[in-house]
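# Remarks on the overall topology
Read off the chains here:
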Amino acid sequence: MKGLAIRNHRAFASGVLFLAFAIFFFVTALQYPAGTAARMGPGYFPRLLAIVLAAVGLIVILGAMKPTAEAQGLRQWDLKGLAWIAGSVILFGALLFPLGLVGALFVLVMVSSRASPEFTWTGALANAVVLTALCLAVFVYGLGLQLPVWPSLLN
Amino acid sequence: MDLFHNLAIGFATAAQPANLLYAFFGCLLGTLIGVLPGLGPLATIAMLLPITYALQPDAALIMLAGIYYGAQYGGSTTAIVVNLPGESSSVVTTIDGYQMAKQGRAGVALATAAIGSFFAGCVATLALAALAGPLTATALLFGPKEFFALMVLGLILASVLSSGPFIEGIGMVVLGMLLSLVGTDLSSGSQRFAFGIPQLFDGLDFVPLAMGIFGFAEIVKNLEQDDKLSLVTQKITNLFPTRDDVRRMVPAMLRGTALGTLLGVLPGGGAVLSSFASYTLEKKLSRYPEQFGKGAIEGVAGPESANNAGAQTSFIPLLTLGVPSNVVMALMVGAMNIHNIHPGPEVMTKNPTLFWGLIASMWVGNLMLLILNLPLVGLWVKLLTIPYRYLFPAIMVFCSIGVYSINSGTFEVYEAAVFCVFGYVLIKLQLPAAPLLLGLVLGPAIEENFRRAMVLSRGDATVLLTSPLSASLLAAAAIAIILIMLPTIRARREEALQE
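On a predicted model such as this, the values are computed, not experimentally measured, just so you know.

Conventions we followed
- Residues numbered from 1 in each chain as written.
- Chains lettered and ligands numbered in written order.
- Predicted model: local features only at pLDDT ≥ 70, side-chain atom pairs only at ≥ 80, totals over all residues.
- Helix = DSSP H or I, 4+ residues; strand = E, 2+ residues; numbered from the N terminus.
- Rg over C-alpha atoms; globule rule 2.2 N^0.38 Å.
- Buried ≥ 20, exposed ≤ 12 C-beta atoms within 10 Å, placed from the backbone.
- Contact = placed C-beta atoms within 7 Å.
- Nonpolar A, V, L, I, M, F, W, Y, C, P; charged D, E, K, R; others polar.
- Expected span 1.5 Å × (residues − 1).
- Domains from an automatic or database assignment.
- Axes fitted to C-alpha atoms, helices over the stretch in contact; angles between N-to-C directions.
- Parallel < 35°, antiparallel > 145°, perpendicular 65-115°, else oblique.
- Left-handed = near helix turned anticlockwise from the far one by under 90°.
- Core = buried A, V, L, I, M, F, W, Y, C linked by C-beta atoms within 7 Å.

## Section: the overall build of chain A
- The helix and strand tally for chain A stands at 4 helices and 0 strands.
- Along its sequence from the N terminus, chain A presents helices and strands in the succession α-α-α-α.
- Its C-alpha atoms give chain A a radius of gyration of 24 Å, more than 25% over the compact-globule value 15 Å for 155 residues.
- Seen through its C-alpha atoms, chain A measures out along the principal axes to roughly 65 × 45 × 25 Å.
- Counting across all 155 residues of chain A, residues that qualify as buried make up 36%.
- A separation of at least 24 residues holds for 63% of the contacts in chain A among residues at least 6 apart in sequence.

Encoded structure:
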C-alpha cells in the first residue's frame, strides 16, 4: 500500500488529536443517559458532537495520507520555553496565598523571564521590582481588588 | 423620531463625565496595549478585563468598547510604522501602509487610517442605532430552531474564514462546543465531564481559556522566533494628506465604510473579512492598480475604514440576537456575563440606558481615538522599542492577576496554565484557535435550542428544513461549505488568509 503513507504529518497529528478528544468525550458521555431525540438526556448532544468530531478527525487523517496530500512535517517544539512560561503561571497560583501578591509576582516575573534567550539576572530583577510595584499601585491601591498582598506568615 | 430619541438617551449616558473618563481610559489603555507587538484586541481585552470588574455595568461596558477600538487602532499603527499587524484585521494595512511609511509618508498613512476609522465609526454607529430596533423585533420571530440554524451558520462561516483547511476549522468548532458542555447540564441538573471537581461545575471559564491560548501560548511562540522589528526610524512630521491624497482616499473610505458596515453584520464576519474584501475591491476599482503594494493611499483608506465599520457593526448580532459573530464579541459576552448582563433582545428593552449608552459611547470612543492618536503617535512608536524580554513578563503579570480576579481563586490560574500548553499544541499543529473559542461560547445555547426544537417537533429533525427561516439559514451555511470546496475559491481563500 504505497498510497497510504503519512504525507502531511501536521494534518495527521491534528486528526489524531480530534479523534482522541472525540473518543474521550464519547466514552465519558456513555455514563450519561441519552434519552430520545424528543426528550434528550444529558448524554445525547455530547455523543452527537463526539461522533461529528470523530468523523472530522478521520477525514483529516485520511486527507493527510492521500497520495496528493501536501508533504508537511511537524514544527520544531520548544518545550523549555513552554515549561518556563506554563510553570511560572502554576507557581504564581501556588504561591499567591503563602507568599502574597508581592512574592508570587516576583517569582512569576523571575521564572517567566528565564524563557527568553536574552535573559539576564539584573534585567529580570529590575523588571520584577518595577512590575510588582506597578501592580500593587494599580490593582491593590488603585482598583481595590481583593488580593493577599503580603506573605501569610506576616499577618 | 425614535432613532434620535434613543440616541439622545444614549448620549446622555455616554456624556456623563465619569463615563467619558472611562471611555477615554479605555481608548488610551486599549491603544497602549494594542500597539505592543503580538497582542491583538482579544488578548488586550482579556488582559484589561479585571480593571473593569469594580465598575458599574454601563461604565464597564463603555470602557471595554473603548479598549476594543483602541486595540484595533493600535494594531493599525504598528501595521503602518513597523510592518507588524497587531491583529489580523490590519494585515492588509501593512501592505500599502508600511510602503507609505518607507517613503516618508507614515504621518499621512496614520492620519488616513485615523480619519477613515472615525468616518466609518460615525456611519456604523448610525447603522447600529437604526438597525437595532428592527433586528430586535426580528429576534422575536426566532424560535429555537431558527436560533439553532443561525448559530450553525455563524460557526460554519467562522470556520470558513479562519486560516488553514476548512475541515480543521470545523473540528475546532466542534471541540469547542464539547468543551462548553463541561459542568452542570441546565435541563437535567446533572454534572457532565466535571469528574467531581467542584470548580468545574460552573463550566470552563472563557477568560482563562482565552488567556492561556492567546496570552501565554502566544508568548512562547513569540519567544521562539527572534525576528527583528523593522522600525521606520525617521521622524513622523507631516500628518496632512495632500489634495491629491484626499481626492483618492475619500471614495475609498466611502466604499470601505459601506462594505464594512454590511459585512460586519454577518455572523462570522466582522473586521477581518471587511478589511480583506475592501482591499480587493479597491485594487479592482483603482485607476492605478500598479501602485498597490507600493504605497497606494486607497490601500490604507479603504481597509482601515472597512475594519472599523465591521468591528462596530459586529456588535449588531450580539446586542440584538445575542449571537456573537466573532471571537472578540464572544469575549464581550464573557465580560457582560461577569456584570450579569446577558446579551440578547432583552437588553434593549430592559436596560435601554445601558444599550444606547454603549452605542453612543462607541461614537465618543471613535472621536477620542482621533484626537488621542495623531498627537500621540510618537509615544506609541517609542513603546515599540521596549525589548520583548521586559515586555512579556509584564503581559504574564497582568494576565495572571486578571485570571485570578475572575473568581478570586487560583483554580482559574491553573486552568490558564493548562490551556497555555494546549494553545501551544494548537500553534504547533497550525490549528486555528478562534473557532474553538466561538464554539465554546455558543455551545450551550446551541444545545439548548436544539433540544427545545426537538421537544417541540417531537424528535423530528426535518423540522429544521421545513421552517422557511431556519431552512434558508441552513441553506446559506450549506452554500458556504460548497463554495469553499470549489478549487478556485479554495486557492484564493488560502491566498487571502495567509498570514
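Read on, since the account is not over.
## Regarding the overall build of chain B
- Within chain B, the regular secondary structure consists of 23 helices and 2 strands.
- A compact globule built from 499 residues would reach a C-alpha radius of gyration of about 23 Å, and chain B, at 22 Å, matches this within 12%.
- Overall, the C-alpha framework of chain B stretches about 65 × 55 × 45 Å when taken along its three principal axes.
- Among the 499 residues that make up chain B, the fraction classed as buried is 61%.

## Regarding the interface of chain A and chain B
- Of the residues lining the interface, 59 residues belong to chain A; the matching set on chain B comes to 54 residues.
- Of all the secondary structure elements, the ones that give two or more residues to the side of chain A that touches chain B are helix H1 (9–29), helix H2 (44–65), helix H3 (79–113) and helix H4 (121–142) of chain A.
- A per-element tally of the side of chain A that touches chain B places H3(A) first, with 15 residues.
- Residue classes in the side of chain A that touches chain B are distributed as 39 nonpolar, 15 polar and 5 charged.

## Notes on helix H19 (residues 411–429) of chain B
- Look at H19(B): 27 Å from first C-alpha to last across 19 residues, which is about the 27 Å you get at 1.5 Å a residue.
- For H19(B), every residue scored as buried is listed here: B:Glu412, B:Val413, B:Tyr414, B:Glu415, B:Ala416, B:Ala417, B:Phe419, B:Cys420, B:Gly423, B:Tyr424, B:Lys428 and B:Leu429.
- Tucked into the core, H19(B) has its buried residues touching H1 and H3 of chain A together with helix H10 (206–224) and helix H18 (388–407) of chain B.
- Phi turns positive, to about 55 degrees, at B:Gln430, one or two residues after H19(B).

## Things to note about the domain arrangement of chain A
- Here the domain parsing of chain A yields domain 1 (2–65) and domain 2 (79–154).
- On a C-alpha basis, the centroid separation for the pair domain 1 of chain A and domain 2 of chain A is 40 Å.

## Here's the deal with the environment of B:Ala416
- Turning to its location among the elements, B:Ala416 is positioned in helix H19.
- Accessibility expressed as a C-beta count within 10 Å gives 33 for B:Ala416, which makes it buried.
- For the pair formed by B:Ala416 and B:Pro208, sequence separation is 208 residues and the distance between their alpha carbons is 4.6 Å.
- Apart from the residues lying within four places of it in its own chain, the contact partners of B:Ala416 are A:Val89, B:Pro208, B:Met211, B:Gly212, B:Phe216 and B:Val403.

## Some words on unusual backbone geometry
Residue and element names in this part refer to chain B.
- Here the phi dihedral of Asn340 falls at roughly 65 degrees; this positive angle occurs in a residue that is not glycine.
- Relative to the helices and strands, Asn340 resides in the loop between helix H15 (327–338) and helix H16 (345–350).
- One non-glycine residue with positive phi stands out, namely Gln430, at about 55 degrees.
- Along the chain, Gln430 turns up in the loop between H19 and helix H20 (434–456).
- Residue Gln430 is classed as partly exposed on the basis of its 17 C-beta neighbours within 10 Å.

## Concerning the packing of helix H1 (residues 2–14) of chain B against helix H7 (residues 106–141) of chain B
All names here are of chain B.
- The geometry of H1 relative to H7 is characterised by a closest axis approach of 10 Å and an angle of 110 degrees between their N-to-C directions. Judged on the interaxial angle alone, H7 and H1 are roughly perpendicular. Crossing handedness for the pair H1 and H7: right-handed. Residues Asp2, Leu3, Asn6 and Leu7 of H1 lie in contact with H7, whose contacting residues are Ala129, Ala130 and Gly133.
- Taken together, the residues that form the contact of H1 with H7 break down as 4 nonpolar, 2 polar and 1 charged.

## Some remarks on the packing of H7(B) against helix H17 (residues 352–383) of chain B
All names here are of chain B.
- Remark: H7 packs on H17, axes separated minimally by 9 Å, with the N-to-C direction vectors making an angle of 175 degrees. With respect to H17, the element H7 is oriented roughly antiparallel. Judged by residue contacts, Leu110, Ala111, Ala114, Ser117, Phe118, Gly121, Cys122, Thr125, Leu128 and Ala129 of H7 engage Ile359, Met362, Trp363, Asn366, Leu367, Leu369, Leu370, Asn373, Leu374 and Val377 from H17.
- A per-class count over the contact of H7 with H17 returns 15 nonpolar, 5 polar and no charged.

## Focus: the nonpolar core
- Membership of the largest hydrophobic core comes to 227 residues, with the highest contact counts inside it found for B:Ile45, B:Ala46, B:Ala210, B:Phe216 and B:Leu331.
- By residue number, the principal contributor to this core is H7(B), which donates 18 residues.
- Counting only domains with at least three residues in this core, you end up with domain 1 (2–65) and domain 2 (79–154) of chain A.
- Ignoring any residue separated from it by four or fewer positions in sequence, one finds B:Ile45 in contact with B:Leu64, B:Ile67, B:Tyr68, B:Ala71, B:Val328 and B:Leu331.

## Comments concerning the environment of A:Phe26
Residue and element names in this part refer to chain A.
- Here Phe26 shows up in helix H1.
- Judged by the 19 C-beta atoms lying within 10 Å of it, Phe26 falls in the partly exposed class.
- Separated by 25 residues in sequence, Phe26 and Ile51 place their C-alpha atoms 7.5 Å apart.
- Ignoring anything within four residues of it in the chain, the contact list for Phe26 reads Arg47 and Ala50.

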